[in-house]
Amino acid sequence: MPELPEVETVRRTLAPAMNAKITAVRSSGKPLHMRRPVPIVAIREALVGHRIVGLRRIGKYLLVDIGRDSALLVHLGMSGRFRLVNARAEEAPHTHVVLALDRGRELRFSDPRRFGQVELVRRGQEREHPALADIGPDALEDEITGGYLFEQARRRKVSLKSFLLDQSVLAGVGNIYASEALWRAKLRPARRANRLDAASANTLAAAVRRVLDDSLTHGGTSLKDFVDADGNEGENADYLQVYDRAGEPCPRCRTKIRRSVIQGRATYACPTCQSR
DNA sequence: ATCACGACCTGGAGGC
DNA sequence: TGCCTCCAGGTCGTGA
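Residues numbered from 1 in each chain as written. Chains lettered and ligands numbered in written order. Predicted model: local features only at pLDDT ≥ 70, side-chain atom pairs only at ≥ 80, totals over all residues. Heavy atoms only, no water.

**Overview of the domain arrangement of chain A**
Along its sequence, chain A is organised into domain 1 (4-128) and domain 2 (146-269). Taking only C-alpha atoms into account, the centre of domain 1 sits 28 Å from that of domain 2. Taken together, the 17 residues of domain 1 in the interface contact 20 residues of domain 2. Contact with domain 2 buries surface across domain 1, with Pro 5, Glu 6 and Arg 81 losing the most and accounting together for 31% of the total. (Domains from an automatic or database assignment. Contact = heavy atoms within 4.5 Å. Buried area = accessible area lost by both parts, 1.4 Å probe.)

Okay, here's the thing in structure tokens:
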């Protein structure tokens, strides 16, 4: 579900929760275990009575700044949802963590597959958390230039597809947008990163930015689970050029899009015009 | 150090 | 209808 555009869309749609006071914290009951245990007692002790003072994103992670020195670290995994709702709204299945807010609202985290993550970090020291320690520059930041990608790619033997998925190289690209960016740049997903030339690196940097910007404009991609904090789906699935479109004609050259598997992940590409 | 692969989970889709 | 297999937006630990 959630790559940079989806997480950023959630972040933006959470804006009405700014300055809200946390009045209670509750969980589904049994000891919570997602990718890591959720320290619900510590979360409650640190957050109740304090206000939401910031909403940040680091790669695919959300940080909800609360009170003077805490932040809630949230990752949506594959199927996670983070929603701002009326407290009287019916609770979705697999709702694991609920922050009750003032004015009758609640922030609810639900995640059927439990690949997500909810933890407490100390504000200012969030980078010490192992999940954030190795996250590279954000994929939408200006420092993601052709020169930067070229320099990073030079030292790696992995495929370009895997290279783009490496969050320590650039943060925010996931499986959908890796395929989309490589299509836009006319690059073969299986090509070794260290074979990338400087001109192609420029093209790739521009393609990554364009693909993510476009998706953000459309509110993200909802293939299955993704909704924003208000429960609305994103429209970007309608604009995907190759992802999940095996057998359909390439929008550029009409060759049939082919699905392959690279490092265990579905990869979509045009065998004709992605030849470099 | 780098890389490929399987594990972690639930639920939906499709085949028979 | 039911049961089976496969697949899914991510990340991490293991072993080569």
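**Some remarks on helix 7 (residues 198-217)**
In a regular helix each residue adds 1.5 Å, so 20 residues correspond to 28 Å; helix 7 covers 29 Å between its end C-alpha atoms and thus fits that length. Within helix 7, burial applies to Ser 200, Ala 201, Leu 204, Ala 205, Ala 207, Val 208, Val 211, Leu 212, Ser 215 and Leu 216. An end-on view of helix 7 places all buried positions within 165 degrees of arc, on one side of the element. Tucked into the core, helix 7 has its buried residues touching helix 1 (4-13), helix 4 (146-154), helix 5 (160-165) and helix 6 (175-184). (Helix = DSSP H or I, 4+ residues; strand = E, 2+ residues; numbered from the N terminus. Expected span 1.5 Å × (residues − 1). Buried < 20%, exposed > 50% of the residue type's maximum accessible area, 1.4 Å probe, protein only. Arc of directions from axis to C-beta.)

**Here's the deal with the sheet that holds strand 8 (residues 117-122)**
Strand order in the open sheet formed by four strands is 2-3-4-8, and the pairing between neighbours is antiparallel. Each having just a single partner strand, strand 2 (52-58) and strand 8 make up the two edges of the open sheet. Each strand axis lies, on average, 20 degrees off the axis of its neighbour in the sheet, ignoring direction. Two elements, strand 3 (residues 61-66) and strand 4 (residues 70-75), share six bridges in a ladder whose sense is antiparallel. Of the residues in strand 4, the one forming a bridge with Leu 63 is Leu 73. Sheet strands touched by helix 1: strand 2 and strand 3. Its angle to strand 2, the strand with the most contacts, is close to 175 degrees. Along the sheet, helix 2 (residues 40-47) contacts strand 3, strand 4 and strand 8; its crossing angle with strand 8, the most-contacted strand, is approximately 50 degrees. (Pairing = 2+ DSSP bridges. Axes fitted to C-alpha atoms, helices over the stretch in contact; angles between N-to-C directions.)

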